[in-house]
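Examining the three-dimensional arrangement
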Amino acid sequence: MMVSRSCISLLDLASGDMMNFPPTPRNLPRVITVPGIISDIEDESTSSELNRSLSKPQEKIILVANFLPLNCQKDSESGKWRFSLDEDSLLLQMKDGFSAKANVLYVGSLKIDVDSSKQDEVAQELLEKFNCVPTFLPPEIQKRYYHGFCKQHLWPLFHYMLPMCPEIGHRFDRLLWQAYVSANKVFADKVMEVINPGEDYVWVQDYHLMVLPTFLRRRFNRVKLGFFLHSPFPSSEIYRTLPVRDEILKALLNADLIGFHTFDYARHFLSCCSRMMGLNYESKRGYIGLEYLGRTIYIKILPVGIHMGRLKSVLNHCSSAAKAMEIQKQFQGKRIILGVDDMDIFKGISLKLLALEQLLRQRPDLQGQVVMVQIMNPARSTGKDVQEVKKEVYSTTDRINETFGFPGYNPVILIDRPISFYEKSAYYASAECCIVNAVRDGMNLIPYKYIVCRQGSQIIDDALGVAAETPRTSMLVVSEFIGCSPSLSGAIRVNPWDVDAVADALNLAITMPATEKRLRHEKHYRYVSSHDVAYWAHSFMQDLERSCKDHYRKRCWGIGFGLNFRIMSLSPSFRKLSVETLVSSYKRTNSRAIFLDYDGTLVPQASIIKTPSPNVISILNDLCDDSSNTVFLVSGRGRDSLSGWFSLCENLGIAAEHGYFMRWSREATWETGRLEVDFDWKWIAEPVMRLYTETTDGSYVETKESALVWHYQDADPDFGSFQAMELLDHLENVLANEPVVVKKGQHIVEVKPQGVTKGLVAEKVLSTLNEGGKSPDFVLCIGDDRSDEDMFESITSVACSSSAPEVFTCTVGQKPSKARYYLDDTIDVLTLLQGMAAASNSRSSCRREIQPHQ
């Protein structure tokens, strides 16, 4: 804590404008730590509130990414490193979306190797001048972590590339994984040095740091933590091939908010959570939430945008105008199709060249008129695959130019060198069409930049001789497999693998009427200019604040070791039921009512053997033999099964089929909740259920005397849940006029008569005991699923309206519940019941010893 405070003081000394380019031209509300939004104009009524907020420790936003937003250059004379802000870094541009008073701190690596003797000096300089905290990973760790695990395993896998053989991928290497974990630990240590955990927000970026949330959460249980994935998240079939899939998934779930560019990516992540961890998600007032160990992890779906201020400043620069004039002169009379891609195997550069070749073959009249300018950004990784892609691109280009070119004209112009943003913006502004043909990509902001550059600027317009009132146009051909595709509804979407379709799309793009081009451009420009990087960052931070608002309303504690660490978060009034507490109350009381569920309570829900064990029978008999106890087994199972299984329990009360049938002991007759029930509805419901059974592998129909149940616990999790929702809707429609209710439970859909619930069983038993002069002063109810929540609610309400007996409502498993207590599993339940049974046996023994003396 001392380190954090001292660093905060040091950070407060840092001053100066960190951005020398104009901010996004839009007023954004300043976000404060208390609920609400304050206006940009402070009046007297808000001054006192502001003074109170200023007295608090200054809130920081800590942005953690693989690389810091810095340029590094070594001075040739002094040998010292010179640093400057990288104005094109997304990490730096995000600051525009935060409050003007927010103290933004950056944690990440440098793109250079600093000598260990100079690291302290460099760290101090970066902190004071740029609010940057460097991690200084050892070179060997950096190599194995970034070029190894990140680029050889995660990046290909997240782009749907499996290492089927050594020639097309790298087999899993545990040493690289260990380096990845070690690097994430170093990043976490740096965050811990500067964080004020009660106030600060931490926002982790991308797949390089996916286990970082576990290290932070283990150190600070209530850390305010967000994570955003900038790459695709693969389908569960692909992700599940990763040997460390569980560790990464659990680590991500230690964040409070997880962001994705598209719903597809989020859907794949949620599917992995469902299939691998059995977690279900639901929409809560428009927000997707995952319930996990009492915590709600929210899912954010929002594509990142570009920085409008930065791009406009580049367009208004004289270098961009000069380059635009040069391009206009070089390609005079020709129509430019532009491609800008990193040099890697997923960008589909060769495929777009093949499409151009097909277009020129189909449209000979375009020869000499159409030019594809392909800008190839430097590769971010090295390897044989990159060299092979580069070789293929050059050979395809040479073939096209030899076939369709002539003196003074080459259909393809390759630019394979680092070029400035000014030069790129000039090409964007000059191109009639831009094509992004990646076979798989995360977001890809090239189309956004192209749209803004085509809107032009006064300097660019003057250089190109374009009048200010001239309508603007742009045409986009984008792969349907990139993250920005869903947001560009006016683009021509293509399957990059279908060369003929891409060629047709290019032809459509350059021959489309100008009016339609203008309308598409205007639609895109409205979206891109309003959904920029500031909007994205501001929206994510707002949701992160909302996701963390309940941190201090719950009790938190950690469970698990290593990367299996996670946080249990429960209401302060919701705690584990201890044997000592319960048995102590049990011994003090003289009239007790005990309600027990069966499946998931006395026997494990996943157990193949559903019959009760001899130990269960013995414990129940010990409890029932105590004359002070009234014990009821309340289950959804049929009465024949339950009466057969518990035939040795003479004094056990049983409520079967959720209470439709009841008996108070083995010798008592079965009572029915409602005698005049018409079961003709079964003739309607059963055929519908059979239909869904035939179409859902792993499902079956259970026929009870009073109900029908469709089970799908053995079906595919996603398909089973989908079919259950469909069946629920189908049954509600066809049974709308019948005296029944249709409910969805834990892997079931059930149809049963109205007015039949476990809650009514509890009410009936308690009222009968009261009427018989045996008002209970001790009530225990244990269950595990939704149907048991009715019992918890009824027992609690009865207890509140009576003479306040000692009431223990207890759910099995740590999850949101109406119960006041929880037990971890059926083993805990039996241990608890065994303690009560032992107390009863002890009392009986005492009575037998005392009786002869009387």
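Here is what the cut-offs are and how they apply
- Throughout, a residue's number is its position along its own chain's written sequence, starting from 1.
- Under the rules for a predicted model, residues below a pLDDT of 70 receive no local features and side-chain atom pairs below 80 are neither given nor counted, while totals for whole chains, interfaces and linings still include all residues.
- Excluded from the side-chain calculations are hydrogens and water; all other atoms, namely the structure's heavy atoms, are used.
- The helix count covers DSSP runs of H or I at least four residues long, the strand count covers runs of E at least two residues long, and both are numbered beginning at the N terminus.
- Each residue gets one of three labels from its accessible area relative to the maximum for its type: buried under 20%, exposed over 50%, partly exposed in between, using a 1.4 Å probe on protein chains only.
- A contact between two residues is defined here by any heavy atoms of the two lying within 4.5 Å.
- A residue counts as positive if it is Lys or Arg and as negative if it is Asp or Glu; His and the chain ends are not included.
- Lys charges are placed at NZ, Arg charges at CZ, Asp charges at CG and Glu charges at CD.
- Salt bridge, as applied in this entry: a Lys or Arg side-chain nitrogen positioned within 4 Å of an Asp or Glu carboxyl oxygen.
- In protein, a polar contact requires one atom able to donate a hydrogen and another able to accept it; more generally it is a pair of N or O atoms within 3.5 Å, and residues adjacent in sequence count only if both atoms are side-chain atoms.
- Here a pair means two rings of Phe, Tyr or Trp (six-membered ring of Trp) with centres within 6.5 Å. Their orientation is stacked below 30 degrees between planes, edge-to-face above 60, and tilted elsewhere.
- In our convention, an over-ring charge means Lys NZ or Arg CZ found within 6 Å of a ring centre and within 35 degrees of that ring's normal.
- Here the rule is simple: two strands pair whenever DSSP picks up at least two bridges between them.
- Within a predicted model, pLDDT stands for the predictor's per-residue confidence, ranging from 0 to 100.
- The angle between two axes is taken between their N-to-C directions and runs from 0 to 180 degrees, where each axis is a line fitted to C-alpha atoms and a helix contributes only its stretch in contact.
- Just so you know how the angles are binned, under 35 degrees is roughly parallel, over 145 roughly antiparallel, 65 to 115 roughly perpendicular, and the rest oblique.
- Whether a crossing is left-handed or right-handed is set by the direction in which the near helix is turned from the far one by less than a right angle, anticlockwise for left-handed and clockwise for right-handed.
- The residue classification treats Ala, Val, Leu, Ile, Met, Phe, Trp, Tyr, Cys and Pro as nonpolar and Asp, Glu, Lys and Arg as charged. All others, Gly included, are polar.

A few words now on the overall build of the chain. If you tally the helices and strands in the chain, you get 28 helices and 34 strands. Based on the C-alpha atoms only, the size of the chain along its principal axes is roughly 120 × 65 × 60 Å. Residues counted as buried form 53% of the 854 residues belonging to the chain. Sequence separation of 24 or more characterises 72% of the internal contacts of the chain that already satisfy a separation of 6 or more. Between the averaged position of the 95 positive side-chain charges in the chain and that of its 104 negative side-chain charges there is a distance of 3 Å.

Turning our attention to the side chain of Ser585. Looking at the secondary structure, you find Ser585 in helix α21 (residues 579-588). Apart from the residues lying within four places of it in its own chain, the contact partners of Ser585 are Phe778, Glu806 and Phe808.

This part is about the pattern of salt bridges. Tallying each qualifying case throughout the model produces 44 salt bridges. Notably, a salt bridge pairs Arg144 with Glu140, separated by 3.1 Å at the nearest N-O pair. Here the residue Arg144 and the residue Glu140 both occupy positions in helix α5 (residues 139-158), the gap between them amounting to 4 residues, near one helical turn. Under the relative-accessibility criterion, Glu140 is labelled partly exposed at 43%.

This paragraph deals with the side chain of Gln358. Position of Gln358 among the secondary structure elements: in helix α13 (residues 349-362). On the accessibility criterion, Gln358 (17% relative accessible area) is buried. Of note is the side chain of Gln358, whose polar atom sits 2.9 Å from the side chain of Asp500. Not counting chain neighbours up to four residues away, the residues in contact with Gln358 comprise Val499, Asp500 and Ala503.

A few words on the packing of aromatic side chains. Scanning the model with the defined rule gives 31 aromatic pairs in all. Ring geometry for Phe149 versus Trp177: centroids 5.4 Å apart, planes at 55 degrees, classification tilted. With Phe149 in helix α5 and Trp177 in helix α6 (residues 174-194), this residue pair connects regions lying 28 residues apart in the sequence. Their ring planes at 85 degrees and their centres at 5.7 Å tell us that Tyr586 and Phe778 sit as a pair that is edge-to-face. Residue Tyr586 is located in helix α21, and its partner Phe778 is located in strand β32 (residues 778-783); the two are separated by 192 residues in the primary sequence. With respect to class, Tyr586 is no different from Phe778; both count as buried. Taken together, the aromatic side chains of Tyr145, Phe149, Phe172, Trp177, Tyr180 and Phe187 make up a single cluster linked through ring pairs. Over the ring of Tyr287 we find Arg546, and its NZ or CZ is 3.4 Å from the ring centre.

Counted residue by residue, strand β33 (residues 806-812) has 6 buried out of 7 residues, so it is predominantly covered. As paired elements, β32 and β33 share 6 bridges and run parallel to each other. Residue pairing for β33: Leu780 is matched across the bridge by Phe808. Bridging between β33 and strand β34 (residues 821-823) involves 3 bridges; their strand directions are parallel. Each residue of the ladder has a partner; that of Thr811, found in β34, is Tyr822.

With that settled, consider the confidence of the model for the chain. Averaged over the chain, the pLDDT score is 87; the fraction of residues at 70 or greater is 90%. Within the model, pLDDT remains below 50 along residues 1-22, and this stretch shows 45 contacts once partners closer than five positions in the same chain are excluded. Here residues 24-56 scores under 50 on pLDDT; set against residues more than four positions off or in separate chains, the count is 42 contacts.

In this section: the sheet that holds strand β27 (residues 671-672). Spatially, β22-β34-β33-β32-β23-β24-β25-β26-β27 is the arrangement adopted by the 9 strands of the open sheet, whose pairing is mixed. Either end of the sheet is taken by a strand with one partner, and the two such strands are β22 (575-576) and β27. Relative to β32, strand β23 (residues 592-596) runs parallel, the two being bridged by 5 bridges. From the neighbouring strand, Ile594 faces β32, where its bridge partner is Leu780. Sitting on the sheet, α21 is in contact with β23, β24 (629-634), β32 and β33, with an inclination near 145 degrees to β33.

For the pair α13 and helix α18 (residues 499-511), interaxial distance at closest approach is 8 Å and the crossing angle is 65 degrees. Regarding the angle of α13 to α18, the classification is roughly perpendicular. Note that α13 runs across α18; the crossing there is right-handed. Along the contact surface, α13 presents Leu351, Leu354, Ala355, Leu356, Gln358, Leu359 and Gln362, while α18 presents Val499, Asp500, Val502, Ala503, Asp504, Leu506 and Asn507. Grouping the amino acids of the contact of α13 with α18 by side-chain chemistry returns 9 nonpolar, 3 polar and 2 charged.

Our next topic: the sheet that holds strand β13 (residues 295-301). Read from one edge to the other, the open sheet built from 9 strands follows the order β7-β6-β3-β8-β9-β10-β13-β12-β11, with strand pairing classed as mixed. The open sheet terminates on both sides in strands that have one partner only, identified here as β7 (132-134) and β11 (281-284). Ignoring strand direction, the axes of neighbouring strands in this sheet form an average angle of 25 degrees. In terms of strand pairing, strand β12 (residues 287-292) meets β13 through 5 bridges, oriented antiparallel. What sits directly across from Ile288, in β13, is Ile299. In this fold α6 packs onto β3 (60-67), β6 (103-109), β7 and β8 (201-205), with an angle of close to 160 degrees to the strand it touches most, β3.

Next up on the list: the environment of Gln814. Mapping Gln814 onto the fold places it in the loop between β33 and β34. In sequence terms Gln814 and Gln605 are 209 residues apart; their C-alpha atoms lie 15 Å from each other. If near-sequence neighbours (up to four positions away) are discounted, Gln814 is found in contact with Leu293, Gly294, Met568, Tyr822 and Asp824.

Moving on, we come to the pairing of β12. Sheet topology places β11 next to β12; 4 bridges connect them, and they run antiparallel. In the strand pairing of β12, Tyr281 is matched with Leu290. Taking the residues that link successive antiparallel strands as the turn, the β11-β12 hairpin has 2 residues, and the phi of Arg285 there is positive, at about 55 degrees. Joining the antiparallel neighbours β12 and β13 is a turn of 2 residues, in which Leu293 adopts a positive phi near 55 degrees.

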